[in-house]
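Architecture at a glance
What follows is each chain in one-letter form.
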Amino acid sequence: RFGLERCQREQSRSRFARPMGSETSSLSCCAELGGTVSPDGTPLGLDSLREPCFHLPVLLKDVQSPFHGKAGFNGPNGLKDLQTKEESGTQPLATTLAESVDPAIETATEMHHVSSSSSMESVPVLDSDGLPMSRLYTDAEEKILRQAKRRWTSAQLQADKLRRASEFEELIEQTRLQMLAPAAMSICSMPANRYGADARMPTFEPERHTPVLALINPFSGAMAGSDILCLARQTPYYQNTFFNIIDVVKDQRRGGLLDVFRLELCKAKEEAKEMGTRPRLISGGGDGTASFTLFMVFAALRADPTREEDGFEDQGNGLIWTDKEMKDYFPALAQMPLGSANDFGRTLGWGQRYPGDSESRGIVGSRVKALDALRNWISSAIDPRTRLANFDVFGIVPRDGEEACNFKLAELSGRRGLNPKVNIDGKDQLLMKEAGLPVPLFLCLYFSAGFAAYMTARFQMNRRRTPLQNKLEYARQAFGIVSEWVPPQLNVGLEGVQITCGGEGKEETYFPPRAEKGNTGRNYREVGFLNINWQAGMANGADRAPMLGRICSTREPAKFNDGRMDMYRLKFASAIKNPGLKIQTDKKDGGITFTHEGTRGKGIFFQWDGEARFAFSPSGEQFHINIRKMLNIPVVLGPEYDARVTGDPDNGRPVHFAFAGPTEEKSAVFRERILRGVCGELNAELLASRDEMEAVGLPCEGPR
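Residues numbered from 1 in each chain as written. Predicted model: local features only at pLDDT ≥ 70, side-chain atom pairs only at ≥ 80, totals over all residues. Heavy atoms only, no water.

A look at the pairing of strand E21 (residues 611-616)
Most of E21 is tucked away: 5 of the 6 residues are buried. Of the pairings in the sheet, the one linking strand E8 (residues 408-412) to E21 comprises 3 bridges and is antiparallel in character. Following the sheet pairing, Ala410 is matched in E21 by Phe614. In this structure, strand E20 (residues 603-608) lies alongside E21, joined through 6 bridges in antiparallel fashion. For Ile604, the partnering residue across the bridge sits in E21 and is Ala615. (Buried < 20%, exposed > 50% of the residue type's maximum accessible area, 1.4 Å probe, protein only. Helix = DSSP H or I, 4+ residues; strand = E, 2+ residues; numbered from the N terminus. Pairing = 2+ DSSP bridges.)

In structure tokens form, the structure reads like this:
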């Protein structure tokens, strides 16, 4: 049946044939087959390998050895690593492989032995050296061996999955231990804890209290954040749920702090689900910490197809939670005021100063009083009876029909002190540098362009240690701006700025007012909108009214959950005309589009939630900052909530989380942009490089 010439031709064409004279050991041949191996290296179920005339080949035509080059199974060296582990006694080969393929290999071997013996008794097949050669597999044998290979592959995938799960658990445990370890710093490097070295948080009772997590900036509140984290590390429950937000941002590796935060967030969701409530999330820091906390929550909930075995499986919305889970169990935000102005905490009723600030200033019993204030604050935050409300979150997005924003962001640099400008070519000019994080993804509190934004940019270079010192620094920088000449990088006032309000097809010009009469923004110092009804801890807004109405009538305040922007525009004389610190606002629907003429080498400072950046056009042409409502989130209202300032928090809708947008398609666009933002994909879109700044003539810090 098999002539010598035909057999040689088949062998030369086939990748299955292998002469017994080759230097492949029975062990590696068995591994190549996906067969099983005993601890002493003897192949199991492959009796034909001992016969001089037969040799089993590779299983599949186009697939190499299942061990070859597979880093997922005992490293990239495949079988060599496996044999090494067998010799060291850490992983017997028989234990690893035996259960998956014995029956099929036995069957294939018997068929091969019988078939080969009967077919080759009359006509032996020899190679050029006179040694016996093997034959090709029959279709039935190939089918059985393919089944064995599939079972073997499935077993290895399962084993690899278990190994990675065990590895992930070990990494998480190591990170938890590191999180609970005392800070590696000298005792003399920090003052004593203002709440007491042995103080504790209030006892958390799972059957009574709402599940809570916290992301706290340790450097805020004159280091009050650090003291609060120290107390949490010493108190059961809180030691696992209170996080240093800076460390979480830095440690986003597999098994790092972000993964620990994700696990605790999912655990809180399940506990809240059993209680029929919504988990709470404390954001501890300045006003900008609130939007950064939202950023980290989405970073934790973002799905990752490369880490599905770690719990990152996509639920069809780019997130690891379903749409219903997001709606019902997205954590309600409580703002702990640890910053300078603390507008957000004051708006939500959690105070304008950090818990225990005034109590800690006493001489006798100050730490006890401060601790009582902190414990009362935490108790209110975890009390299920504490009221929740809806809250609007806005964001910067491309204009409809465009894929990216057409402006870039830089950050102010220069000298610390009263005047940051540097003399270049005989002129005092502003120096710029590449902007750092965060990018303006969420606008929770307010947005403005002009004087206050420029002042905030200068303040960021001169930030102080305490809230009082920071307020004085704001005042110093404001004085510096009004006493200096306008630098070449800025226009006078808001010249070249135009703002339209409303959605597509419903735009109306808001700024400059009376533009049809030739009015410009030159005489205005600031324009923007309020989402909360406090700014800089001093001013708040109310609906526009005539002079007599401003004094005698009760006006509708700026509200944080009516879906509208409370727009305002200010001159330096506005404080006299209004009168006082009450800002006249105009409620606008549909978002705003901020347009700047974009002259080469010029731009404008804008601020959001206490962060300031310099916006310019990389092409030297007109650019647009398009702002729309992106989210509705739940927030926790504190015991000091003042409806007279902020209005009734009940907007007539159930408290829930949702992506905003007039249509489902628009909501999906906002969701996608948020997920791109937490992945860092918006950095390249929004942050300018040094080359882009120099290309339009902006002076940059440092040598080229």
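Here's the deal with the side chain of Arg176
With respect to the helices, strands and loops of the structure, Arg176 is situated in helix H5 (residues 139-180). Filtering out sequence-adjacent residues up to four positions away, Arg176 remains in contact with Asn240, Val260, Leu263 and Glu264. (Contact = heavy atoms within 4.5 Å.)

A word on helix H13 (residues 366-382)
Look at H13: 25 Å from first C-alpha to last across 17 residues, which is about the 24 Å you get at 1.5 Å a residue. Along H13, the positions that sit buried rather than exposed are Ser366, Ala370, Leu371, Ala373, Leu374, Trp377, Ile378, Ala381 and Ile382. When H13 is viewed along its axis, its buried side chains cluster within an angular range of 165° and face the same direction. In H13, the exposed positions that point more than 90 degrees away from the buried face belong to Val368 and Asn376. Next to the buried residues of H13 lie strand E3 (212-216), helix H6 (220-233), helix H7 (238-241), strand E4 (242-244), strand E5 (280-285) and strand E6 (332-337). (Expected span 1.5 Å × (residues − 1). Arc of directions from axis to C-beta.)

Side note on the nonpolar core
Side chains that are nonpolar tend, in soluble globular proteins, to be buried together. Within the largest apolar cluster, 93 residues are counted, with the highest numbers of intra-cluster contacts made by Phe242, Phe261, Ile282, Phe298, Phe442, Leu631 and Ile633. Of the residues forming this core, the biggest block, 9 residues, is contributed by helix H10 (residues 288-301). Leave out the neighbours within four places in its chain, and Phe442 touches Ser291, Leu294, Phe295, Phe298, Val393, Phe394, Trp608, Asp609, Leu631 and Ile674. Formed by 32 residues, the second largest nonpolar core is a distinct cluster that contains Ala449, Leu494, Tyr510 and Phe511. (Core = buried A, V, L, I, M, F, W, Y, C linked by side-chain atoms within 4.5 Å.)

Looking at the sheet that holds strand E12 (residues 446-450)
The sheet built from 9 strands is open, its strands ordered E11-E8-E21-E20-E12-E15-E17-E18-E16 with mixed pairing. In the strand order of this sheet, the two ends are held by strand E11 (432-434) and strand E16 (540-543), each with one partner. Sheet twist, expressed as the average angle between the axes of neighbouring strands with direction ignored, equals 35°. In this structure, strand E15 (residues 526-530) lies alongside strand E17 (residues 565-570), joined through 5 bridges in antiparallel fashion. Among the inter-strand pairings, Gly528 is bridged to a residue of E17, identified as Tyr568. Where helix H14 (residues 451-460) meets the sheet, its contacts fall on E8, E12, E15, E20 and E21, and the angle it forms with E12 comes to roughly 95°. (Axes fitted to C-alpha atoms, helices over the stretch in contact; angles between N-to-C directions.)

Quick notes on unusual backbone geometry
Following Leu437, the chain continues into Pro438 via a peptide bond in cis, with omega recorded as 5°. For Pro438, the location among the structural elements is in the loop between E11 and E12. In this structure, Pro512 follows Phe511 across a cis peptide bond, with omega equal to -5°. Looking at where Pro512 falls in the secondary structure, it is placed in the loop between strand E14 (508-511) and E15. The backbone of Met223 shows a phi angle near 70°, a positive value even though the residue is not glycine. Relative to the assigned elements, Met223 resides in helix H6. Given the relative accessible area of 22%, Met223 is considered partly exposed.

Focus: the packing of H5 against helix H9 (residues 257-275)
Packed helix pairs are characterised by how far apart their axes lie and by the angle those axes make with each other. Closest axis-to-axis distance for the H5/H9 pair is 9 Å, and the angle between their directions is 95°. Put simply, H5 runs roughly perpendicular to H9. Residues Phe168, Ile172, Thr175, Arg176 and Met179 of H5 lie in contact with H9, whose contacting residues are Leu257, Asp259, Val260, Leu263 and Glu264. Counted by class, the contact of H5 with H9 contains 6 nonpolar, 1 polar and 3 charged residues. (Parallel < 35°, antiparallel > 145°, perpendicular 65-115°, else oblique. Nonpolar A, V, L, I, M, F, W, Y, C, P; charged D, E, K, R; others polar.)

Comments concerning a nonpolar patch on the surface
A cluster of nonpolar residues, Leu418, Phe479, Val482 and Phe572, forms a patch on the protein surface that exposes about 420 Å² of accessible area. Inspection of the secondary structure puts Phe572 in the loop between E17 and helix H17 (574-577). (Patch = residues over 30% accessible without salt bridge, like charges linked within 9 Å, V, L, I, M, F, W, Y side chains within 5 Å. Areas by Shrake-Rupley, 256 points an atom, 1.4 Å probe, with all protein chains shown as cover. Salt bridge = Lys/Arg side-chain N within 4 Å of Asp/Glu carboxyl O.)

Some thoughts on the environment of Thr456
You can see Thr456 is positioned in helix H14. Owing to a relative accessible area of 3%, Thr456 belongs among the buried residues under this scheme. Along the primary structure Thr456 and Phe605 are separated by 149 residues, whereas in three dimensions their C-alpha atoms are 9.1 Å apart.

Quick word on the pairing of E12
Of all 5 residues that make up E12, 5 are buried, and the element is covered over most of its length. The alternating pattern of E12 places Tyr446, Ser448 and Gly450 on one face and Phe447 and Ala449 on the opposite face, and all of these are buried. Relative to E15, E12 runs antiparallel, the two sharing 5 bridges. If you follow Phe447 over to E15, its bridge partner there is Phe529.

Remarks on H6
Counting buried positions over the 14 residues of H6 gives 11, a clear majority of the element. All buried positions along H6 are accounted for by Ser220, Gly221, Ala224, Gly225, Ser226, Asp227, Ile228, Leu229, Leu231, Ala232 and Arg233.

A closer look at the packing of aromatic side chains
By the definition in use, this model includes 27 aromatic pairs. Relative to Tyr474, the ring of Phe459 lies with its centre 4.0 Å away and its plane at 15°, an arrangement referred to as stacked. Residue Phe459 is located in helix H14, and its partner Tyr474 is located in helix H15 (residues 467-483); the two are separated by 15 residues in the primary sequence. Since its relative accessible area comes to 24%, Tyr474 is described here as partly exposed. Between the aromatic rings of Phe606 and Trp608, the centroid separation amounts to 5.9 Å while the plane-to-plane angle is 45°, which identifies the pairing as tilted. Overall, the relative accessible area of 1% leaves Phe606 in the buried class. Trp608 gets classed as buried once you look at its relative accessible area, which sits at 1%. By way of ring pairs, the aromatic residues Phe394, Phe447, Phe529, Phe594, Phe606 and Trp608 are connected into one cluster. Directly above the aromatic system of Phe572 lies the positively charged group of Arg525, at a separation of 5.6 Å from the ring centroid. Taking the ring centre of Phe659 as reference, the NZ or CZ of Arg671 above it sits at 5.8 Å. (Phe/Tyr/Trp six-rings, centres within 6.5 Å; stacked < 30°, edge-to-face > 60°. Lys NZ or Arg CZ within 6 Å of the ring centre and 35° of its normal.)

Considerations on the packing of H9 against H10
Running from amino to carboxyl end, H9 crosses H10 at an angle of 85°, the nearest separation of the two axes being 9 Å. Taken together, the axes of H9 and H10 lie roughly perpendicular to each other. Across the interface between the two elements, Leu258, Phe261, Arg262 and Leu265 of H9 pack against Met296, Val297, Ala299, Ala300 and Leu301 of H10. Considered class by class, the residues forming the contact of H9 with H10 number 8 nonpolar, no polar and 1 charged.

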